[in-house]
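One-letter residues, chain by chain:
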Amino acid sequence: TFGQDEKTDLPFHDEIDSVIIQGSYAMEEVEFFHKASKTAIICDIIQRHPEEAWTGFKGMLMRLNGLVGDKGSCPREWRFTFWPFGKEKARKGRDIILSWRAEKLIVAHGTCVEEGADAVIERALSWI
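Keep in mind that this is a model prediction, so the values were computed, not measured.

Engineer: Break down the side chain of Arg-79 for me, citing the residues and quoting the values.
Structural biologist: Note that Arg-79 resides in helix H2 (residues 76-80). Despite its burial, Arg-79 pairs with no opposite charge, the nearest such side chain being Glu-77 at 8.4 Å. Here the side chain of Arg-79 touches Cys-74 through a polar contact of 3.0 Å, landing on its backbone oxygen. With residues near it in sequence (within four places) discarded, Arg-79 still touches Ser-73, Cys-74 and Trp-127.

Shown next as structure tokens:
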């Protein structure tokens, strides 16, 4: 059932796959994959804010947090919530996402990817 483990089984499973990223003591997050378009839909665990949108002190903080540009990733404070024991659970979810071999990526925060999304996702989740 939904919320019991990493893999979800929802009514739209024939069209959209999903996975729960677990292991954080602060939150869990569901990620989706639209099979027909080979598009991963990622909420907060990957953020790729445009560099030109973040300048000055806030821009510096966003860069230090790893959330800006093509190399955007997961906020460092959220990464910390997977320590010391949650990374193993998170890896299970990450491995499912990587198995999708997404061509496109839609992110809730920042710039989406039109092609080659699997490499972007692999790099962004390499911290796990």
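Engineer: For the nonpolar core, give the residues involved together with the corresponding values.
Structural biologist: Residues Ile-45, Leu-105 and Ile-121 are the most contacted members of the largest nonpolar core, which totals 26 residues. When neighbours within four sequence positions are excluded, Leu-105 is seen to be in contact with Thr-39, Ala-40, Ile-42, Arg-48, Cys-112, Val-113, Ala-117, Val-120 and Ile-121.

Engineer: Talk me through the packing of aromatic side chains; I want residue IDs and the actual numbers.
Structural biologist: For the structure on display, the rule yields four aromatic pairs. On the numbers, 5.2 Å between centres and 15° between planes, the contact of Phe-33 with Trp-100 is stacked. One end of the pair, Phe-33, is in strand E2 (residues 29-34); the other, Trp-100, is in the loop between helix H3 (87-99) and strand E4 (104-107), with 67 residues separating them in the sequence. By relative accessible area, which is 7% here, Phe-33 ends up buried. With a relative accessible area of 9%, Trp-100 lands in the buried category. By way of ring pairs, the aromatic residues Trp-78, Phe-82 and Trp-127 are connected into one cluster.

Engineer: Mind laying out the pattern of salt bridges, listing which residues take part and the relevant values?
Structural biologist: In a structure, side chains of opposite charge can pair up when their charged atoms sit close to one another. On inspection of all chains with the given rule, the structure shows four salt bridges. Here Lys-38 ties to Glu-103 by a salt bridge, and the two come within 3.6 Å at their closest N and O atoms. Separated by 65 residues along the polypeptide, Lys-38 in the loop between E2 and strand E3 (39-42) and Glu-103 in the loop between H3 and E4 bring together distant segments of the chain. The residue Arg-101 makes a salt bridge to Asp-118 at a minimum N-O spacing of 2.8 Å. With Arg-101 in the loop between H3 and E4 and Asp-118 in helix H4 (residues 117-124), the pair connects residues that are 17 residues apart, well separated along the chain. Given a relative accessible area of 47%, Arg-101 falls into the partly exposed group.

Definitions and limits used
- Residues numbered from 1 in each chain as written.
- Predicted model: local features only at pLDDT ≥ 70, side-chain atom pairs only at ≥ 80, totals over all residues.
- Heavy atoms only, no water.
- Helix = DSSP H or I, 4+ residues; strand = E, 2+ residues; numbered from the N terminus.
- Buried < 20%, exposed > 50% of the residue type's maximum accessible area, 1.4 Å probe, protein only.
- Lys, Arg positive; Asp, Glu negative; His and termini not counted.
- Salt bridge = Lys/Arg side-chain N within 4 Å of Asp/Glu carboxyl O.
- Polar contact = N/O pair within 3.5 Å; in protein donor to acceptor, adjacent residues only side chain to side chain.
- Contact = heavy atoms within 4.5 Å.
- Core = buried A, V, L, I, M, F, W, Y, C linked by side-chain atoms within 4.5 Å.
- Phe/Tyr/Trp six-rings, centres within 6.5 Å; stacked < 30°, edge-to-face > 60°.

These figures come from the coordinates and say nothing about function on their own.
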